[in-house]
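# Tertiary structure, described
Single-letter residue listing:
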Amino acid sequence: MPYQIRPARSADCVALSQVGQATFALASPPDSAPAAQRHYIAHNLQPEHFQAHLRDPHKRLLVVEQLGQVLGYSMLDLAPGTLGIADADPLVEISRCYVVPCAHGLGAAQQLLEATLAQAPGAVRLTVNEGNARAIRFYQRNGFRKVGEAIFPCGDERHRDWVMVRTPAAD
């Protein structure tokens, strides 16, 4: 069954929050404390946070769905903060790209990433937890390369992320 990719709408915010909450632990280090994850979810992945992203002129959210069910989402940040990494700082950032586990390995994430990249002007960056080997392999297959590291605050914890960049030459 094919997937549909479309811009997120205000009516999607509850589903986006549910996807974010269902996938955040998968993107976190295995030893991350549940309390730290709950803190991050409470302060970043609630429906009202997605409403704010949809109103932000620098954010672009896409959903991947099948038969009307939202299975994942991505978010481009056209004006991300600096990381202190020359190869990454001037670039648009894919700040989120999540697909629910039941859709892993079935092409949903690939279609979502391709649609997200099609909206990005030129080179892009992203961060991914250093222990998320599955996601790192996925991004490497799609032309991303590690250019540095950054710290991701999660509650009281600090997680180490890889900063990865994809240039148009990787197409």
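Residue indices follow the written sequence of each chain, beginning from 1 at its first position. Where local features are concerned, this predicted model is filtered to residues with pLDDT of at least 70; where side-chain atom pairs are given and counted, the filter is 80 or more; whole-chain, interface and lining totals use all residues. For side-chain calculations, the full set of non-hydrogen atoms in the structure is used, while hydrogens and water are omitted.

You'll find the protein chain entered in an unreviewed UniProt entry as GNAT family N-acetyltransferase, with Pseudomonas muyukensis given as the organism.

### A closer look at the overall build of the protein chain
Regarding its fold elements, the protein chain presents five helices and seven strands. What counts as a helix is a DSSP run of H or I of at least four residues, what counts as a strand is a run of E of at least two, and both are numbered from the N terminus. Listing the helices and strands of the protein chain from first to last along the sequence gives β-α-α-α-β-β-β-α-β-α-β-β. With the radius of gyration taken over C-alpha atoms, the globule rule is written as 2.2 Å times the number of residues to the power 0.38. The C-alpha radius of gyration of the protein chain comes to 15 Å, within 12% of the 16 Å expected for a compact globule of 171 residues. Viewed in the frame of its principal axes, the protein chain has a C-alpha envelope of about 40 × 40 × 30 Å.

### A short note on the packing of aromatic side chains
Working definition: rings of Phe, Tyr and Trp (its six-membered ring) pair if their centres are within 6.5 Å, and the pair is stacked with planes under 30 degrees apart, edge-to-face with planes over 60 apart, and tilted otherwise. One pass over the structure, following the stated rule, counts seven aromatic pairs. Here the aromatic cluster, defined as three or more aromatic residues joined through ring pairs, consists of Phe24, Tyr40 and Phe152.

### Details of the packing of helix H1 (residues 13–27) against helix H3 (residues 47–55)
The relative placement of two packed helices comes down to the angle between their axes together with the axis-to-axis distance. Two numbers describe how H1 lies on H3: the axes approach to 8 Å, and their chain directions differ by 115°. Along this stretch, H1 crosses H3, giving a crossing that reads as right-handed. Residue-level inspection shows Cys13, Val14, Leu16 and Ser17 of H1 in contact with H3, the latter providing Pro47, Phe50, Gln51 and Leu54. Note on residue categories: nonpolar means Ala, Val, Leu, Ile, Met, Phe, Trp, Tyr, Cys or Pro, charged means Asp, Glu, Lys or Arg, and polar means any other residue, Gly included. Split into classes, the residues belonging to the contact of H1 with H3 amount to six nonpolar, two polar and no charged. Lines fitted to C-alpha atoms define the axes, with helix axes restricted to the stretch in contact, and inter-axis angles between N-to-C directions lie between 0 and 180 degrees. By definition, any crossing whose near helix is turned counterclockwise from its far helix by less than a right angle is left-handed, and any crossing with a clockwise turn is right-handed. Pairs of residues are marked as contacts when any of their non-hydrogen atoms sit within 4.5 Å.

### Some details on the pairing of strand E7 (residues 157–166)
Of all 10 residues in E7, seven are buried; the element is thus mostly enclosed. Alignment of strand E5 (residues 124–129) against E7, held across six bridges, turns out to be antiparallel. Counterpart to Thr127 in the pairing with E7 is Val163. For strand E6 (residues 145–154) and E7, the ladder comprises nine bridges, and the chain directions are antiparallel. In the sheet register, Ile151 faces E7, and the bridge partner there is Arg160. Categorising residues by exposure relies on relative accessible area from a 1.4 Å probe, with only protein chains included: less than 20% of the type maximum marks a residue as buried, more than 50% marks it as exposed, and the intermediate range marks it as partly exposed. Strand pairing follows a simple DSSP-based rule, namely that at least 2 bridges must link the two strands.

### Side note on the sheet that holds E5
Within a sheet, each strand pairs with its neighbour through backbone hydrogen bonds, oriented either parallel or antiparallel. Strand order in the open sheet formed by seven strands is E1-E2-E3-E4-E5-E7-E6, with mixed pairing between adjacent strands. Unpaired on one side and paired on the other, strand E1 (4–7) and E6 mark the two borders of the sheet. When strand polarity is set aside, the average angle formed by the axes of neighbouring strands in this sheet is 30°. Across the face of the sheet, H3 comes into contact with strand E2 (59–66), strand E3 (69–77) and strand E4 (92–99) while running at roughly 120° to E2.

### Points about the nonpolar core
Judged by nonpolar contacts, the single largest core of 43 residues is most densely connected at Leu16, Tyr73, Ile94, Val128, Tyr139 and Phe144. The residues touching Leu16, leaving out its near neighbours within four places in the chain, are Ala8, Phe50, Leu61, Val63, Val70 and Tyr73. Nonpolar cores are built from buried Ala, Val, Leu, Ile, Met, Phe, Trp, Tyr and Cys residues. Side-chain atoms within 4.5 Å join them into one set. Membership of the second largest hydrophobic core comes to seven residues, among which are Ala88, Ala123, Ala150 and Val165.

### Brief notes about helix H4 (residues 108–118)
Considered for burial, the residues of H4 that qualify are Ala108, Leu112, Leu113, Thr116 and Leu117. On an axial view of H4, the arc spanned by its buried residues comes to 160°, and they lie on one face. Each C-beta atom gives one direction from the helix axis, and the arc is the one those directions make.

### Looking at the packing of H1 against helix H2 (residues 34–44)
Relative orientation of the contacting elements H1 and H2 amounts to 145°, with a least axis distance of 10 Å. Remark: the crossing between H1 and H2 carries right-handed chirality. Two secondary-structure elements touch here, H1 through Gln21, Phe24 and Ala25 and H2 through Gln37, Tyr40 and Ile41. A class-by-class count of the residues in the contact of H1 with H2 yields four nonpolar, two polar and no charged.

### Some words on the layout of surface pockets
Residues are said to line a cavity or pocket when one of their atoms sits within 4 Å of a point; the points come from a 1 Å grid over protein atoms alone, cavities being sets where a 1.4 Å probe fits but cannot get out and pockets being open sets with protein on both sides within 12 Å along at least five of seven lines. Grid points are joined across faces, edges and corners, and a volume is the space filled by probe spheres set on the points. Roughly 1,200 Å³ of internal volume is contained in the largest pocket. Looking at the largest pocket, it is lined by 49 residues, and the ones nearest its centre are Ala27, Cys97, Tyr98, Thr127 and Tyr139. For the lining of the largest pocket, the element with the most residues is E4, which contributes seven residues. Grouping the constituent residues of the lining of the largest pocket by class yields 25 nonpolar, 15 polar and nine charged.

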